[in-house]
Amino acid sequence: MTDAQETAADSSLRTTGGAPPDDVEPAPIPLLEPRDGIPPVITDEDALAETIAAFAAGTGPVAVDAERASGYRYGQRAYLVQLRREGAGTALIDPVACPDLSGLGEALSGVEWVLHAATQDLPCLREIGMVPTRLFDTELAGRLAGFPRVGLGAMVEGVLGFVLEKGHSAVDWSTRPLPEPWLRYAALDVELLVDLRDALEKELDRQGKLEWAREEFDAIASAPPPEPRKDPWRRTSGMHKVRRRRQMAVVRELWETRDRAARRRDISPGKILGDGAIVEAALAVPANVHALAALNGFGHRMGRRQLEQWQAAVDRAKELPDAELPQPGQPLTGPPPPRAWAEKDPAAAARLSAARAAVSALAESLHMPQENLITPDTVRRVCWEPPSTPDAASVAAALAGYGARAWQVAQVTPVLVAALAAKPKTKD
């Protein structure tokens with residue numbers, strides 16, 4: 001049994017933040033105001049230069065957060081950036097007024113950035129020139145430490161004993177000027193992030209998982225930007241109902257028409273036309289504007305000009321030659337869906353069943369989600385095409401080849417070696 005398993009198995013030590021259990025749980029304290037008040041929003045180059053100098057002179061990790069306008073605007077750009085560092089206080093920066101924050105990013109190069117759910121904010125931070133070289137992800141730390149709820153509010157309350165007001169998380173952050181209650185909320189989001197980081201570091205160290213977490217954080221910080229998604233229209237909600245190629249072409253034409261309009265108007269695509277309406281039109285393939293207007297999502301509130309725009313997209317799909325219609329599904333780059341394994345390769349199905357059970361048991365013993373121990377896709381790939389001699393060295397090499405970190409390889413290799421020896425059950 002590893003140190004992590006031993007400490008995780010001791011339920012008396014598994015308290016939030018690693019503190020010893022108390023007989024009486026103190027009531028959480030509402031956090032209503034930032035300790036230094038709400039700072040003015042930085043909207044010009046002079047104020048930004050002062051902030052850069054202050055944060056460069058600060059000490060210790062820097063808490064970083066960003067607010068987007070998901071559901072309101074096109075894309076995932078940042079509309080507010082919040083930072084806090086010892087010696088510099090809290091800063092709120094308007095990246096619309098100050099779109100180039102590369103100077104701030106450079107000033108904080110080499111400093112550990114503390115983010116919650118880092119992969120959500122890093123793309124929009126990268127767009128404005130802020131790219132960390134070191135980071136600590138408090139959400140991921142919570143997952144690895146076995147916390148059942150890892151949202152920022154839940155973590156701050158469970159670990160530090162404070163209640164964050166979360167009522168403004170889904171507002172339209174592109175609004176200008178930003179209301180004071182929103183700015184208070186934004187400042188509070190970074191108020192205790194470094195304190196949370198410190199408590200989680202102690203807990204991870206107590207469980208023997210701190211080096212594992214550091215490997216995960218390094219992997220996030222060094223990961224290249226994701227490749228653009230191929231055929232994003234295939235992710236239209238309800239797409240599973242669309243089976244015929246001509247109908248798929250309707251989805252594609254409507255999706256792309258909507259996307260161009262959303263980009264041009266800088267508005268969320270769903271506010272222009274819902275996914276449900278796109279699927280309805282694809283299934284019906286309406287003959288004209290009158291038929292289109294009768295479908296859900298294309299009701300009386302939509303003007304004639306808009307209806308004609310959507311019908312034109314439908315008509316383009318109807319006129320495509322068969323050779324230009326989209327193919328059903330996307331080309332598989334890995335194993336087939338697991339439901340097909342029993343028929344295609346019973347031995348692989350047996351290996352996968354054994355591997356899933358073993359990985360699940362190991363994750364439970366380590367008190368962490370299974371997907372953080374090893375990705376399901378990696379397990380499927382190793383089980384579908386195992387090494388010719390599935391010993392510890394070859395399985396470890398296969399896992400590393402699929403991007404598993406060293407700690408994951410060390411934990412998972414023994415159970416996968418055993419699982420790869422599983423044989424299909426024979427019928428009597």
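Within every chain, residues take consecutive numbers counted from 1 along the sequence as written. Where local features are concerned, this predicted model is filtered to residues with pLDDT of at least 70; where side-chain atom pairs are given and counted, the filter is 80 or more; whole-chain, interface and lining totals use all residues. Hydrogens are left out, water is left out, and the side-chain values use all remaining heavy atoms of the structure.

Enquirer: Teacher, can you tell me more about the nonpolar core here?
Expert: A general trend in soluble globular proteins is that nonpolar side chains are found buried together. Judged by nonpolar contacts, the single largest core of 80 residues is most densely connected at Val-81, Leu-83, Ile-93, Leu-373 and Leu-399. By the convention used here, residues are in contact when the closest approach between their heavy atoms is within 4.5 Å. Once residues lying within four places of it in the same chain are set aside, the contact partners of Leu-83 are Phe-55, Val-62, Ala-63, Val-64, Gly-89, Thr-90, Ala-91, Ile-93, Leu-104, Leu-108, Met-130 and Val-190. Buried residues of nine kinds, namely Ala, Val, Leu, Ile, Met, Phe, Trp, Tyr and Cys, make up a nonpolar core once their side-chain atoms join them within 4.5 Å. In this scheme, a residue with accessible area under 20% of its type's maximum is buried, one over 50% is exposed, and one in between is partly exposed, where area comes from a 1.4 Å probe on protein chains only.

Enquirer: Just checking my understanding: could you explain a negative patch on the surface for this structure?
Expert: There is a patch of like negative charges on the surface, built from Asp-44, Glu-45, Asp-46, Glu-50, Asp-100 and Glu-106. Examining the composition of the negative patch, we find that three residues originate from one element, helix H2 (residues 45-57), more than from any other. Helix and strand definitions follow DSSP, with helices as H or I runs of at least four residues and strands as E runs of at least two, each counted in order from the N terminus. Tracing the sequence through the fold places Asp-44 in the loop between strand E2 (41-42) and H2. Like charges within 9 Å and nonpolar side chains (Val, Leu, Ile, Met, Phe, Trp, Tyr) within 5 Å are joined into patches, using only residues over 30% in relative accessible area that form no salt bridge. For the area figures, the Shrake-Rupley method with a 1.4 Å probe applies, and any residue is considered shielded solely by the protein chains shown. Any Lys or Arg side-chain nitrogen found within 4 Å of a carboxyl oxygen on Asp or Glu counts as a salt bridge. The charged-residue count follows a simple rule in which Lys and Arg add positive charge and Asp and Glu add negative charge, with His and chain termini not counted at all. All charge positions are set by atom: Lys at NZ, Arg at CZ, Asp at CG, Glu at CD.

Enquirer: Can you walk me through the UniProt feature "domain: HRDC" (unreviewed entry) in the protein chain in this structure?
Expert: UniProt positions are given in the numbering used here, feature names are shortened, and annotations may be inferred rather than shown by experiment. Residues given the UniProt feature "domain: HRDC" (unreviewed entry) here are residues 244-324. Between the first and last C-alpha atoms of residues 244-324 the distance is 13 Å; the span itself is 69% helix and 0% strand.

Enquirer: What exactly am I supposed to notice about the packing of aromatic side chains here?
Expert: Between two aromatic rings, the relevant description is the distance of the centres plus the angle of the planes. Two aromatic rings from Phe, Tyr or Trp, using only the six-membered ring of Trp, form a pair when their centres are within 6.5 Å; if the ring planes differ by under 30 degrees the pair is stacked, by over 60 it is edge-to-face, and anything between is tilted. All told, the structure shown has five aromatic pairs when counted by the stated rule. Seen from their ring centres, Trp-341 and Trp-384 are 4.8 Å apart, and the 50° between their planes marks the pair as tilted. Of this pair, Trp-341 sits in helix H15 (residues 341-344) while Trp-384 sits in helix H18 (residues 376-384), and the two are 43 residues apart along the sequence. Among the residues examined, Trp-341 registers a relative accessible area of 0% and is labelled buried. For Trp-384, a relative accessible area of 21% translates into the label partly exposed. Put simply, the rings of Trp-173, Trp-182 and Tyr-185 pair up and form one aromatic cluster. Its guanidinium or amino end placed over the ring of Tyr-79, Arg-77 lies 5.0 Å from that ring's centre, counting from NZ or CZ. Two limits define a charge over a ring: the Lys NZ or Arg CZ must be within 6 Å of the ring centre, and within 35 degrees of the ring normal.

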